[in-house]
Amino acid sequence: MTTYTAINLTKHHEKGPVGPDYFQTVKLNMPNAKAGELIVKQSYMSLDPAMFGWMSADTESYIPPVELGTVMRSFGIGEVVESNHSDFNVGDRVTGMMGWQEYFLSNGEGLDKVDSPLPDVDILSVFALPGLTATQGFYNVGKPKTGETLVVTGAAGSVGSIVGQLAKADGLRVIGIVGSEEKADWIVNELGFDGAINYKSDNLDTHLAALAPKGIDLFFENTGGPIQHLIYNRMNEHGRIVVCGLIADYEKGEYSSAPSWINVIKKRLTIQGFVMTDHFHNAPALLEKFAPYVLEGKIKHRSHVLNGLESAISGLNLFSTGGNKGKLIVKL
């Protein structure tokens, strides 16, 4: 093989659905691994809501935007097929930010070996970004206590579903906010949540009051949107709000008005935003804490796999429509 396929970003995202005009499929010449380098054949890559931010022109975000005319950024898993690097051998499975492309030339920085025998899809769905993000946000930011009530938005998503299951395993009451009755049924009857609310239904505040009669101690925010106000207004004193994502607003290109500051004062609330890129150095400790829950069967998941590199383009819109059922992954 002398060439391979990659997809470059050609236009910044402002609002609305993502279409083919944002990208260009290109053929690149196969590289040769020089001293200290290796080549990975990527098998699966992850689609994540954060990509809408990476595609924007915002230079003040937590990570620089993807430069136009370069390969779109993404996290993936693959196999080392050529190596002149002392830490990696041909045949090693690795994860890392490899982008929308079939092959990835690397100096080894940012790549991690996969020692688990689990399939690639399970690694991306549980042990990679979803598990790390859920563990960091829930434990180190949320600081949960047994007996508390947690509300998590995007509860059927890759991060939200893990947060809810960790909370149940640790003795919290868990309420999930989802976008369909099918997802509500899944998180309650399969994952063990105490209750679920379809944010598209009527009388949201009545449902929330019934499911959280003693108020809300911990709010793990993945989506934004109007329901955040209802959750915020039911926070208990000294409650904590973990702001992980705002997928409901990314496509619109503008953000919903935040709740009033008054409850922050009256109830002495703690609100903290976080992104996993600040905590990758702590990944081994996070996995050490998270892995036992998986091995004990306390964490279930489902994956939504798309086929072919170019399926990533339309696949991004599933985040906005709620059409994805589980972790969105592209099989190359």
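Keep in mind that this is a model prediction, so the values were computed, not measured. (Residues numbered from 1 in each chain as written. Predicted model: local features only at pLDDT ≥ 70, side-chain atom pairs only at ≥ 80, totals over all residues. Heavy atoms only, no water.)

Novice: Residue-level account of the overall build of the chain, with values.
Specialist: Secondary structure summary: the chain contains 12 helices and 15 strands in total. Against the 2.2 N^0.38 benchmark of 20 Å for 332 residues, the chain shows a C-alpha radius of gyration of 20 Å, consistent with a compact globule. Based on the C-alpha atoms only, the size of the chain along its principal axes is roughly 65 × 40 × 35 Å. Contacts in the chain between residues far apart in sequence, at least 24 positions, make up 66% of those at least 6 positions apart. (Helix = DSSP H or I, 4+ residues; strand = E, 2+ residues; numbered from the N terminus. Rg over C-alpha atoms; globule rule 2.2 N^0.38 Å. Contact = heavy atoms within 4.5 Å.)

Novice: With reference to specific residues and values, describe empty space enclosed by the protein.
Specialist: Scanning all chains against the criterion turns up one cavity of 30 Å³ or more. For the largest cavity, the calculated volume is near 40 Å³. S125, A156, G157, S158, S161, I162, W186, H301, R302, G326 and K327 are the residues that line the largest cavity. Per element, the largest residue contribution to the lining of the largest cavity is three residues, and it comes from helix α4 (residues 158-169). (1 Å grid on protein atoms, 1.4 Å probe; cavity = no way out; pocket = protein on both sides within 12 Å on 5 of 7 lines; lining within 4 Å. Points joined across faces, edges and corners; volume = space filled by probe spheres on them.)

Novice: An account of the packing of aromatic side chains is needed here, citing residue identities and associated values.
Specialist: Scanning the entire structure with this criterion turns up five aromatic pairs. Here F23 and W100 contribute two aromatic rings whose centre-to-centre distance is 4.9 Å and whose plane-to-plane angle is 25°, an arrangement assigned as stacked. Placement of F23 in strand β2 (residues 23-29) and of W100 in the loop between β5 (93-97) and β6 (103-106) is noted, with a sequence separation of 77 residues between them. W100 carries the same exposure label as F23, and that label is buried. On the basis of an interplanar angle of 80° and a centroid distance of 6.4 Å, the ring pair of F220 and F274 is categorised as edge-to-face. Of this pair, F220 sits in strand β11 (residues 216-221) while F274 sits in the loop between β13 (270-273) and α10 (283-295), and the two are 54 residues apart along the sequence. For the pair F220 and F274, one class covers both residues: buried. In this arrangement the basic side chain of K289 is found over the ring face of Y139, its NZ or CZ atom lying 4.4 Å from the centre. A cation over an aromatic ring shows up here: R302 above the ring of W186, its NZ or CZ 4.1 Å from the ring centre. (Phe/Tyr/Trp six-rings, centres within 6.5 Å; stacked < 30°, edge-to-face > 60°. Buried < 20%, exposed > 50% of the residue type's maximum accessible area, 1.4 Å probe, protein only. Lys NZ or Arg CZ within 6 Å of the ring centre and 35° of its normal.)

Novice: Which residues make up the pairing of strand β8 (residues 149-153), and what values go with them?
Specialist: Where burial is concerned, most of β8 is hidden: five out of the five residues are buried. The alternating pattern of β8 places T149, V151 and T153 and L150 and V152 on opposite faces, both of which are buried. Where β8 and strand β9 (residues 173-178) come together, five bridges link them in parallel fashion. What sits directly across from V151, in β9, is I175. In this view, the connection linking β8 to its parallel neighbour β9 by way of α4 has right-handed handedness. When β8 meets β11, the two strands line up parallel, connected through three bridges. Residue pairing in the sheet places L150 in a bridge with L218 of β11. (Pairing = 2+ DSSP bridges. Right-handed = clockwise from strand over helix to strand, strands pointing away.)

Novice: So, the layout of surface pockets: which residues are in play, and what are the values?
Specialist: Remark: the empty space left among the atoms is shown by a probe the size of a water molecule rolled over them. Taken as a whole, the second largest pocket holds about 880 Å³ of empty space. Forming the boundary of the second largest pocket are 32 residues, of which F75, T95, D112, L132 and L287 lie nearest the centre. For the lining of the second largest pocket, the elements supplying multiple residues, two or more each, are β5, β7 (112-113), α2 (120-127) and α10. It is α10 that contributes the most residues to the lining of the second largest pocket, six residues altogether. Of the residues that constitute the lining of the second largest pocket, the class distribution is 20 nonpolar, seven polar and five charged. (Nonpolar A, V, L, I, M, F, W, Y, C, P; charged D, E, K, R; others polar.)

Novice: A description of the sheet that holds β9 should follow, citing residues and the corresponding values.
Specialist: As summarised here, the arrangement of the six strands in space is β10-β9-β8-β11-β12-β13, forming an open sheet in which the pairing is parallel. Strand pairing shows two members of the sheet lacking a second neighbour, β10 (195-198) and β13, which therefore form its edges. Pairs of neighbouring strands in the sheet enclose a mean axial angle of 15°, with direction left out of account. The sheet contact formed by β9 and β10 spans four bridges and is parallel. From the neighbouring strand, I175 faces β10, where its bridge partner is G195. (Axes fitted to C-alpha atoms, helices over the stretch in contact; angles between N-to-C directions.)

Novice: For unusual backbone geometry, give the residues involved together with the corresponding values.
Specialist: Of note, N203 is a non-glycine position whose phi angle comes to about 55°, a positive value. Position of N203 among the secondary structure elements: in the loop between β10 and α6 (204-211). In this model, H238 sits at a positive phi of 65°, which is unusual for a non-glycine residue. By relative accessible area, which is 48% here, H238 ends up partly exposed.

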